[in-house]
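Remarks on the overall topology
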Amino acid sequence: MSAQPQKPRSEYQQIAAKFAAAGAVQAKELAAKRSKDEQVKLRNKIAQRDFKYSHGLLVALLLSFFYLHGVGIFLFTKGFLLTRLVLEHKSSCAVSPLQEYGDVPVSSVDGGCWHPKTFNKAVVVIIDALRYDFTVPYVPEDNTSLPHHYHNAFTTPYQIASKYPENAVLLPFIADPPTTTLQRLKGLTTGTLPTFIDAGSNFAGTAIDEDNVIAQLKSLGKRMAFMGDDTWMALFPGYFEEDMNHPYESLNVWDLHTVDNGVNEHIFPLLDPKNSTKWDVLFAHYLGVDHAGHRYGPDHFAMTEKLKQMDEVVRRLVDSIDNETLLVVMGDHGMDSKGDHGGESQGEVEAALWMYSKNPVFGRLPEELLPKDETRSVAQIDLVPTLSLLLGAPIPFNNLGAPIAEAFLGKRGVEGMRNLALVSRLTAAQIKRYQREYSGKNDEDLEDDSVVKVSWNAGQKKWESLRSKWTKVAGNEWTHVYKDFSTFQRETLRICKYLWARFDLVSMGAGVSVLLGSLLVLAIYARGFTGNRVELTDALLKRIRNGLTVGTLCSLPVAFTLSEKLEVPKLHAILFGTAMGMILGFLSASLSARQRLSSILPDSGWGFLSLLFTILNSVMFGSNSFTIWEDKTLSYFIATFAVCGFVASLRKKNFSSRTLGTYHSIMLLVLTRLASFSRLCREEQMPYCKSTFYASATSSVSAPWTLALLFVMALALPAFVADFYTGTKSYYGPAPFYIGWAFRFGLLFVATFWTLDSADNGSWFPQYEGLIKGSKLVIAQVVLAMALVAGHVGFGWSSLCLDVDVQEAKPATSEEGTKMTSTSGRTVTILGYANVHGSRYFLLVLSWALALNLLQKPMGGLSMGILLYQILTVLEIIDANDLSASSIGPVMLAILGNAHFFSTGHQATLSSIQWESAFIPLTTIRYPWSPLLVVANTLGPQILTAIAVPLVALWKAPTKKVPGENESLLGKVAKASATYVLFQATIAGASMVCAGWLRRHLMLYRIFSPRFMLGAVTLLVAELVCVLIGVGGVRWNLTAVAEVFGYA
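Here goes a summary of the coordinates provided.

Thresholds applied
Residues numbered from 1 in each chain as written. Predicted model: local features only at pLDDT ≥ 70, side-chain atom pairs only at ≥ 80, totals over all residues. Heavy atoms only, no water. Core = buried A, V, L, I, M, F, W, Y, C linked by side-chain atoms within 4.5 Å. Buried < 20%, exposed > 50% of the residue type's maximum accessible area, 1.4 Å probe, protein only. Helix = DSSP H or I, 4+ residues; strand = E, 2+ residues; numbered from the N terminus. Contact = heavy atoms within 4.5 Å. Pairing = 2+ DSSP bridges. Axes fitted to C-alpha atoms, helices over the stretch in contact; angles between N-to-C directions. Parallel < 35°, antiparallel > 145°, perpendicular 65-115°, else oblique. Salt bridge = Lys/Arg side-chain N within 4 Å of Asp/Glu carboxyl O.

Concerning the nonpolar core
- Core analysis: the biggest nonpolar cluster contains 178 residues, and Tyr-525 and Phe-842 have the highest contact counts within it.
- It is helix H32 (residues 969-997) that contributes the most residues to this core, 17 residues altogether.
- Leaving out residues up to four positions away in the same chain, Tyr-525 has contacts with Leu-58, Leu-61, Phe-65, Arg-533, Thr-537, Leu-540, Phe-586, Ala-974 and Ala-978.
- Residues Phe-119, Val-361, Ala-405 and Ala-428 belong to the second largest nonpolar core, which totals 81 residues.

A few points about the sheet that holds strand S6 (residues 325-330)
- Strand order in the open sheet made by the eight strands is S4-S3-S5-S1-S6-S7-S2-S8, with mixed pairing throughout. The open sheet terminates on both sides in strands that have one partner only, identified here as strand S4 (245-248) and strand S8 (378-379).
- Bridging between strand S2 (residues 168-174) and S8 involves two bridges; their strand directions are parallel. Note that in S8 the partner of Ile-174 across the bridge is Ala-379.
- Against the sheet, helix H6 (residues 258-270) contacts strand S1 (121-127), strand S3 (224-229), S4 and strand S5 (281-286), and its axis sits at roughly 160° relative to S5.

Focus: the packing of helix H24 (residues 735-762) against helix H26 (residues 836-854)
- H26 packs onto H24 with a crossing angle of 10° between their chain directions and a minimal axis gap of 9 Å. If you check the angle between H24 and H26, you find them roughly parallel. Counted together, Tyr-738, Ile-739, Phe-743, Gly-746, Leu-747, Val-750, Phe-753 and Trp-754 of H24 and Leu-843, Leu-846, Ser-847, Leu-850, Asn-853 and Leu-854 of H26 form the full contact between these two elements.

Focus on the pattern of salt bridges
- Under the definition given, this model contains 27 salt bridges.
- The salt bridge involving Arg-1011 is made with Glu-630; its shortest N-O contact spans 2.8 Å. Of this pair, Arg-1011 sits in helix H33 (residues 1004-1045) while Glu-630 sits in helix H21 (residues 630-650), placing them 381 residues apart in sequence.
- Using a relative accessible area of 5% as the deciding quantity, one classes Arg-1011 as buried.
- In this structure, Glu-683 engages Arg-1006 in a salt bridge whose closest nitrogen and oxygen atoms are separated by 2.2 Å. Taken together, the residues span a long stretch of sequence, with Glu-683 in the loop between helix H22 (655-676) and helix H23 (704-726) and Arg-1006 in helix H33 at a distance of 323 residues.
- Shared partners join several salt bridges into a network, and the residues in it are Arg-295, Asp-757, Asp-760, Glu-769, Lys-773 and Lys-776.

Okay, here's the thing in structure tokens:
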């Protein structure tokens, strides 16, 4: 049977078959594509997981370096900034220090413990920062000199002391540095010397646990009242009567009146005769003069108003007290020409002391006892024995001060001189008793000095010889006794100052060892490893962890068995052991990876230039002259880099690189010169320096023209930043909103804030004072919310700064994009591809620049704007000369930050700290925000450059790894960040070593110690910011790029 012929398919069937075949092919292609997409997704997911793991390990490794620096600084500081041994002994009314020399014991305390009392009651008034020249008439040096605002406003003390010398005495009252309120209150109540380490406790003090005049008065049953600075509450908790205790917050330096008005509200009702039985001693602490100095400077009409107010207060006090009451008015310290304090310039240490009584009890020293060619002055610690003896209380056990002669001389001739000799001997005997106890506790013989022994023995011998002819002794014989015991007191004080400057060399050596070891570790990691250093992170961390464990186990037995014998605290031994274990662990890991090691010394001219900058910046701390002119030196370094960049760029063959390099080198040079116009001179720079940061050298108020420049900067700076983006076609995506709108409006808000602040300071619109203060606060909080909250959220979720240009026929001519041609002939250009990493990351830098700009005063804000522009110019110079792998980039960013520390109105001195920055967005002290705001103000430039460090690797970096290159982009970021930290650690280490080596230098606490503290704080803050914010932000940046272009 033959096969039937196949019936031909119809046209429809043919079409259906073709469609089915095409569908099968398409399904197959889709399945293959889906499988490929799933593989790509899986690979991206694995790559993302590996990246995040590597990034986490990198942050952990960098934080381990931070731990080493923290330990090194802590150990050195504990040995360098020593606190003296505090004796717990208390003086007792029943045991006079003269009893062991045959004097009759005290029979009754009612008339005075160790000496007959002069007064039953006292009113002690502290006018914070009352400088001595505020209290004396202005005498012009020539006919053209005019008085300042602080002259001839506080006249009552001088007038009364001049007209009634038996009733009042006015003297310069010399403070021991550091001149901070907390320190001064300790000295004014204990009679002992300060220790430098306590100066940083000005935000919060701790209770005084050694003998003091407040405790002695309390032990005698004296009822004490207090009103004013709340620092007293921290120092003397529970000493004042509950219903007569009125503390006020002390650190809001923008508030001139609340504390003073509160003191007046409570002090004068207590002075009413009907309330005289409620209290025995009244303490009042006014703050308006100090706050006027901080806010405006002494040469301002606000200072005139506050001094006149205090003058009126003193007049009312004089009228209110009775004949049995002593009135003491004093400053706890002075202020410098800008109204700040904390250092040891004459204006800061020379306060005023005025004592008044309605009874004629004061006298004057004989001519032969007055100092030659200088004004008679007294030390602040001299108030302690003086006040104690005048009120019939024992002298505090640790006192080293001398009785103020004028308070015991009276107008009684020989009798007055005998009384002065008696109280001098009594005070000397108490100091001798303290000498003996301190020497036994601390193995420091305070009595083993020939002058001390001779003066005591001579005074005692003369005293014994005069006792038999008590009433027949001539005045000059008592004068000789007084001289001997005064010499004894002065020499003992001198010896104590020397001994208490003795340093714990073991702790200092341990700190230096740890920091030098960390420098070696950082140098190896930053500049010694070749290839992709991220691959080594896991192995390094494991060895560091093992070293930490071994170091801890080895240090524990030493800490608990030998620490007392070695006189080393247990904590110090353990910390040293852990740090050295970590260092040795890293070095052992490096040895294992020695095939990846190369020389840490630079192999290019740029590398040697960065090393030269580092060395020169380090060795300059060995000279006080170079240290005080550090701002000029850093500007010279930046200018040198700009010139070198200009020369190197001229040699580039590529026209674009040559043009960009030379242009930005010139701009960096110009901007450096502009930044140098903003300066705040320290005392040691005078008269070769002229301050321009404030309106004048004697003011803390900004010049009006700086406000206008802030508005100009708000309009111009975003445009300049946008130019850097348009050069790489990156001004797309979130960039226009971030830069053109948010950043610009943020800067306008900043300019408005400081304009309102000036209006508030100058009382431009007194009828709107409340509205102005409230508006300032709202604007500041809005700016910080925009910058730090919205800015971080926006950075974390924003897209890339890219755009796509599609052209039908003519291809895109942009050189800054990536071109792709489709099958249809269209040309697609990805605009902004050339700087996809840097353009997005810089948005984070902008957010912080806005916040830090707000926290600077107007001239400092202008400096921060210049710094932001300089950062971009440095990045362009680095890119034009292919220097992203060189150490010069991170080093220059560090130098830029350190240079702008000075141009934002700071110096390496305590008095230059701008405490008022704590109240820019706040009305009261709030922890931890207030201290953080002060840190952000002080170290704003270093913080900004620390955040910008990853841009050395990210700026114009390719999204894919260049063929033949082993280092990943994350590895380059790690290299740049570690190099930056290495530079800052080297500077901190150099200042540490120089301060330790020059620990006996005359300028130690004036120059070298503050510079060491600045270097240490800068290192810790900048390193933490660089790791957590800088390297931390890189994670979100690289992830955002990888979501579009994949992981390199």
